[in-house]
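A structural walkthrough
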Amino acid sequence: MKPLIVVCTDFSPCSELALERAADIARRDNTRVLIIHTFDPKKLKGPAAHAPTARDRRGWDEESMRQLREARHRYFGHLADADVQYDAIACASPSVEICRAANEAKASLIVLGSHGRTGVLRRLLGSVAENTVRHAPCSVFVVRDQAALPD
């Protein structure tokens, strides 16, 4: 079985940096990448978020699915062109899903970005990076955006 890197993204610039680092490692080591991403259609802005429409089993409507496909293409589309083999799955509980997938696939590495939230905001939102580091079955590489670091 080919080695596997699990990378998590929420489609933010910080996560994009983590995905690029994982892709660099995957190309160098001829490793497969499993992308686990969050996508919350409830956070959509505009009338499409509130219009009553048919929903699939996850509660996502057609507009949400269209936006998810566009986000996947925008963030992951270049990987195939860069000879990086990858699969992508959406999840609601990122740290739980990251650790579960890494354990099941016997991943050698997890790569994820950190927004660097602290204090009350972190207590309210939790920390995917912290929870993943605590429960991961393998090494975790946490990528920080230099712009997010204090001076």
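Everything in this summary refers to the structure shown in the same document. (Residues numbered from 1 in each chain as written. Predicted model: local features only at pLDDT ≥ 70, side-chain atom pairs only at ≥ 80, totals over all residues. Heavy atoms only, no water.)

Some remarks on the packing of aromatic side chains
Threshold: Note on aromatic pairs: the rings of Phe, Tyr and Trp (six-membered ring only in Trp) are paired at centre separations within 6.5 Å, and the planes decide the class, stacked below 30 degrees, edge-to-face beyond 60, tilted for the rest. Helix and strand labels come from DSSP, where a helix needs a run of H or I of at least four residues and a strand needs a run of E of at least two; each type is numbered from the N terminus. In this scheme, a residue with accessible area under 20% of its type's maximum is buried, one over 50% is exposed, and one in between is partly exposed, where area comes from a 1.4 Å probe on protein chains only.
Scanning the entire structure with this criterion turns up three aromatic pairs. Seen from their ring centres, F11 and Y75 are 5.2 Å apart, and the 70 degrees between their planes marks the pair as edge-to-face. Placement of the pair is F11 in the loop between strand 1 (4-9) and helix 1 (13-29) and Y75 in helix 2 (residues 62-81), with a sequence separation of 64 residues. Overall, the relative accessible area of 12% leaves F11 in the buried class. Ring pairing ties together the aromatic residues F11, Y75, F76 and Y86, which thus form one cluster.

A few points about the nonpolar core
Here is a general trend for soluble globular proteins: nonpolar side chains tend to be buried in one another's company. The following threshold applies: Residues enter a nonpolar core if they are buried and are Ala, Val, Leu, Ile, Met, Phe, Trp, Tyr or Cys, with the set joined through side-chain atoms within 4.5 Å. Here, two residues are considered to be in contact whenever any of their heavy atoms come within 4.5 Å of each other.
In terms of nonpolar packing, the biggest core is built from 20 residues, with I5, V7, I35, F76, L79 and V111 touching the most fellow members. Element by element, the count of residues in this core is highest for helix 1, at six residues. Once residues lying within four places of it in the same chain are set aside, the contact partners of L79 are L19, A23, I35, V84 and Y86.

Examining the side chain of E97
Position of E97 relative to the elements: it lies in helix 3 (residues 94-105). Apart from residues lying up to four places away in sequence, E97 is in contact with I36, I89 and C91.

What about the sheet that holds strand 2 (residues 32-38)?
As a reminder of what qualifies: Any two strands are treated as partners once DSSP identifies two or more bridges connecting them. Axis lines are fitted through C-alpha atoms, for helices just across the contact stretch, and the angle between N-to-C directions can take any value from 0 to 180 degrees.
Spatially, the five strands line up as an open sheet ordered 3-2-1-4-5, and their pairing is parallel. A strand with exactly one partner marks an edge of an open sheet, and here the two such strands are strand 3 (86-91) and strand 5 (139-144). Going across the sheet, the axis of each strand differs from the next one's by a mean of 20 degrees, ignoring polarity. Relative to strand 2, strand 1 runs parallel, the two being bridged by six bridges. Paired with C8 across the strands is I36, a residue of strand 2. Contacts from helix 2 reach strand 1, strand 2 and strand 3, with the element oriented near 155 degrees to strand 3.

Quick notes on unusual backbone geometry
The phi torsion at N30 lies on the positive side, around 50 degrees, for a residue other than glycine. Here N30 lies in the loop between helix 1 and strand 2. Under the relative-accessibility criterion, N30 is labelled exposed at 52%. Even without being glycine, K106 reaches a positive phi, approximately 55 degrees. As for its position among the elements, K106 is in the loop between helix 3 and strand 4 (109-114).

Observations concerning the packing of helix 1 against helix 2
Here is the rule: The scheme is simple: roughly parallel for angles under 35 degrees, roughly antiparallel for over 145, roughly perpendicular for 65 to 115, oblique for anything else. In this scheme the crossing of two helices becomes right-handed for a clockwise turn of the near helix relative to the far one and left-handed for an anticlockwise turn of less than a right angle. In this classification, Asp, Glu, Lys and Arg are treated as charged, Ala, Val, Leu, Ile, Met, Phe, Trp, Tyr, Cys and Pro as nonpolar, and every other residue, Gly included, as polar.
One way to put it is that helix 1 packs onto helix 2 with a least axis distance of 11 Å and a crossing angle of 10 degrees. With respect to helix 2, the axis of helix 1 lies roughly parallel. In terms of crossing hand, the pair formed by helix 1 and helix 2 is right-handed. Of the residues in helix 2, those touching helix 1 at E16, L19, E20 and A23 are Y75, F76, H78 and L79. When grouped by side-chain class, the residues that make up the contact of helix 1 with helix 2 number five nonpolar, one polar and two charged.

Notes on helix 3
Residues separated by three or four positions in an α-helix point in the same direction, a consequence of the helix having 3.6 residues per turn. What counts, and what does not: A helix is expected to span 1.5 Å multiplied by its residue count minus one.
Between the first and last C-alpha of helix 3 there are 16 Å, a value that for twelve residues agrees with the 16 Å anticipated at 1.5 Å per step. Burial in helix 3 covers these residues: P94, S95, E97, I98, C99, A101, A102 and A105. Residues of helix 3 that are buried sit in contact with strand 1, strand 2, strand 3, strand 4 and helix 5 (128-135). Phi turns positive one or two residues past the end of helix 3, at K106, with a value near 55 degrees.

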